[in-house]
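# Results of the structural survey
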There are 2 protein chains.
Amino acid sequence: MRTDLLCRCHYFAGLAEETLTAAASAAQLRHVSGGEFFFRQGDPASHFYVLAEGHARLSQITPEGRQVIMGLIGPAHAIGIIAAIPGALYPLDLQATQDSQALTWNQRTLHMLLESHPVLGLRALRMVSSRFVELQDRYRELATERVERRLARAILRLVAQVGRPEAGGVTIALPLARQDLAELTGTTLYTVSRTLSAWEDAGIIRSGRERVTLCDPARLTAIAEDLPTA
Amino acid sequence: MRTDLLCRCHYFAGLAEETLTAAASAAQLRHVSGGEFFFRQGDPASHFYVLAEGHARLSQITPEGRQVIMGLIGPAHAIGIIAAIPGALYPLDLQATQDSQALTWNQRTLHMLLESHPVLGLRALRMVSSRFVELQDRYRELATERVERRLARAILRLVAQVGRPEAGGVTIALPLARQDLAELTGTTLYTVSRTLSAWEDAGIIRSGRERVTLCDPARLTAIAEDLPTA
DNA sequence: GGGCGTCGTTGCGCTAGATCAAAGAAGGCA
DNA sequence: TGCCTTCTTTGATCTAGCGCAACGACGCCC
């Protein structure tokens, strides 16, 4: 059942049975309550995690105390491969937003795994590279696109990642405050609220307290991509 | 002399002589004229490069044609380790801004090197991770900081990277138009021009056509870090 | 079920910075 | 030397989105 989880995780998906069981049996299980931190920005990068249950938020905080959300993490997401690099520090906070459980490997275990299963090294490079490319895209977006479009893309991403189908739409299965969306898209909660209200008037979404339901994906995609509004 | 270059490059620095000579002798030399591209966004990632001479620009272009500069590359900079990943595409353009020369390894050569010198795999992960962390910082900056501060940081970075000491300051040894600085910081050439003019009036910098000289690093750092202006 | 804390909405004013327009410099080349 | 291209500066105007403030709504806990 641990190997099932690993299979659903990009990092381990499709590897040899033997590799999976080795990884699974070397893992420890860690429980973190909602609001608590898996690790903090600046801590020595001591563990690699694969989230098993719950949700968590990757964020950075500015010297002035403003927060930026770099990502929202759900089950089967791998985080902290930087622990494979001797002496590295975590560059971000990882905070559980609900009670969560994760498989975890410490540095020593991770090194042993990487040595006996070299494919995991290539996988690590592949994972970091693909996150790097995603971040580049978000950077470009932030540098060149309007708030409305960035918000549209963020919601489409979240729906794709943790959408739960429902009568009349797909709901983001995650408590998600306006403030969270603001920190995720580089704007303010006021602007998020106004934009969501406008979309709700237009019938594109329905929303409530810490909840967003996408009703008309096509129109939101049109906003995100600047297609002609049909 | 090839190994000298590799030594100055983060990726190879401090490795065993044997590894360096193996890498150096496996490399090919490629010349690219100013304005030409080493590779384009979307091309299959076929080669890994270490720039030997000249300068180049890593950039992304939006569907609407707006350009964003992700980095400026000088000698001894390694680019394109993504070529180690089978099937990957380059996510960016790499364009020579002057006549340039680079050492280069194709996919097959790169794989052979990585297999016979496993330390290079860990180095690759380390390099991508550190670039990832840098990009995260720039992302946070873009999301939370004013243009003036972002521009101050960009200039400080450039001075640290390619500064050439001169009478009365340090000049950025790179032809650098206002438009380039704008694309590097996520603003417009008008705002860059106004800001530089203000700084020049204040005696912090001197500037000219495609040229910036930093005269008062302390004051610019104060702007970049929001220290009290002495 | 009533009170309270948290979250969301919306009107209003404001400003950082984009955009437009037009007029200089600086260099390259014939 | 003079023309032409490219880069830069600066004024004027405009606007997206920020920040504040006040109010409203939801949900939780005693």
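Keep in mind that what you see is a predicted model, and the values were worked out from it rather than measured.

## Remarks on the overall build of chain A
Helix and strand counts for chain A stand at eight helices and twelve strands. Projected onto its principal axes, the C-alpha positions of chain A cover 55 × 40 × 30 Å. Counting the 230 residues in chain A, one finds 51% classified as buried. Taking as baseline every contact in chain A between residues at least 6 positions apart, the subset at least 24 positions apart corresponds to 70%. Within the structure as shown, chain A displays about 10,600 Å² of accessible surface, and the carbon and sulfur contribution to it stands at 52%.

## Describing the packing of helix α6 (residues 178–185) of chain B against helix α7 (residues 189–201) of chain B
All names here are of chain B. Viewed as axis vectors pointing N to C, α6 and α7 meet at an angle of 105°, and their least axial separation amounts to 8 Å. When the axes of α6 and α7 are compared, the pair comes out roughly perpendicular. Across from R178, Q179, L181 and A182 in α6, the residues of α7 making contact are L189, V192, S193 and L196. Looking at side-chain class alone, the contact of α6 with α7 contains five nonpolar, two polar and one charged residues.

## Details of the domain arrangement of chain A
Residues and elements named next belong to chain A. Domains assigned within chain A are domain 1 (2–141) and domain 2 (146–225). The C-alpha-based centres of domain 1 and domain 2 are spaced at 26 Å. With twelve residues of domain 1 at the interface, the matching set in domain 2 holds 14 residues. Looking at the side of domain 1 facing domain 2, the largest losses of area belong to I69, L72 and E141, adding up to 50% of the total buried there.

## Let's talk about the relation of the copies chain B and chain A
If you rotate chain B by 180° and push it 0.0 Å along the axis, it lands on chain A with an RMSD of 0.0 Å. Both copies are brought into coincidence by an operation consistent with a two-fold rotation axis. The share of interface residues of chain B whose copies in chain A are also at the interface is 100%, consistent with both copies meeting through the same surface.

## Topic: the protein's contact with DNA strand D
Surrounding DNA strand D, one finds 17 residues, the nearest of these being T187, T191 and R194 of chain A together with S193 and R209 of chain B. When atoms of DNA strand D within 4 Å of the protein are sorted by moiety, sugar and phosphate together comprise 61%. T187 of chain A is positioned with one of its side-chain polar atoms (N or O) 2.8 Å from a phosphate oxygen of DNA strand D. At a separation of 2.7 Å, a phosphate oxygen of DNA strand D approaches a polar side-chain atom of S193 of chain B. Elements represented by at least two residues in the surface near DNA strand D include exactly α7 (189–201) of chain A together with α7 of chain B. Tallying contributions element by element places α7 of chain B first for the surface near DNA strand D, with four residues. Of the residues in the surface near DNA strand D, the class split is four nonpolar, six polar and seven charged.

## Description of the sheet that holds strand β3 (residues 47–53) of chain B
All names here are of chain B. If you trace the four strands from one edge of the open sheet to the other, you get β1-β8-β3-β6, paired in antiparallel fashion. At either margin of the open sheet sits one strand with a lone partner, and together these are β1 (28–32) and β6 (78–79). Two strands pair when backbone bridges link them, and β3 and β6 are joined in this way by two bridges, in the antiparallel orientation. When the sheet's bridge partners are listed, Y49 is paired in β6 with I79. Each of β3 and β8 (100–106) touches helix α3 (residues 107–116); the most contacted strand, β8, lies at about 65° to it.

## Notes on unusual backbone geometry
If a residue is not glycine, its phi is most likely negative; likewise, a peptide bond is most likely trans. Despite not being glycine, A76 of chain A has its phi angle at roughly 75°, a positive value. Relative to the helices and strands, A76 of chain A is located in the loop between β5 (67–73) and β6 (78–79). Under the relative-accessibility criterion, A76 of chain A is labelled buried at 12%. The phi dihedral of E210 of chain B is positive, around 55°, even though this residue is not glycine. Within the secondary structure, E210 of chain B is located in the loop between β11 (205–208) and β12 (211–214).

## Side note on the packing of aromatic side chains
Residues and elements named next belong to chain A. With the rule as written, the count across this model stands at 15 aromatic pairs over all chains. An angle of 75° between the planes, with centres 4.8 Å apart, marks the rings of Y11 and F12 as edge-to-face. Judged by relative accessible area, F12 falls into the buried class, the value being 1%. Between F48 and W105, the aromatic rings sit 5.5 Å apart at their centres with planes inclined by 35°, giving tilted as the arrangement. Note that F48 is positioned in strand β3 (residues 47–53) and W105 in strand β8 (residues 100–106), a separation of 57 residues in sequence. We note that F48, like W105, is buried. Among the aromatic residues, ring-to-ring pairing joins Y11, F12, F48 and W105 into one connected group. The side chain of R40 reaches across the aromatic face of F37, ending 3.8 Å from its centre.

The rules behind these values
- Residues numbered from 1 in each chain as written.
- Chains lettered and ligands numbered in written order.
- Predicted model: local features only at pLDDT ≥ 70, side-chain atom pairs only at ≥ 80, totals over all residues.
- Heavy atoms only, no water.
- Helix = DSSP H or I, 4+ residues; strand = E, 2+ residues; numbered from the N terminus.
- Buried < 20%, exposed > 50% of the residue type's maximum accessible area, 1.4 Å probe, protein only.
- Contact = heavy atoms within 4.5 Å.
- Areas by Shrake-Rupley, 256 points an atom, 1.4 Å probe, with all protein chains shown as cover.
- Axes fitted to C-alpha atoms, helices over the stretch in contact; angles between N-to-C directions.
- Parallel < 35°, antiparallel > 145°, perpendicular 65-115°, else oblique.
- Nonpolar A, V, L, I, M, F, W, Y, C, P; charged D, E, K, R; others polar.
- Domains from an automatic or database assignment.
- Buried area = accessible area lost by both parts, 1.4 Å probe.
- Least-squares fit on C-alpha atoms with pLDDT ≥ 70 in both.
- Near = heavy atom within 4 Å.
- Polar contact = N/O pair within 3.5 Å; in protein donor to acceptor, adjacent residues only side chain to side chain.
- Pairing = 2+ DSSP bridges.
- Phe/Tyr/Trp six-rings, centres within 6.5 Å; stacked < 30°, edge-to-face > 60°.
- Lys NZ or Arg CZ within 6 Å of the ring centre and 35° of its normal.

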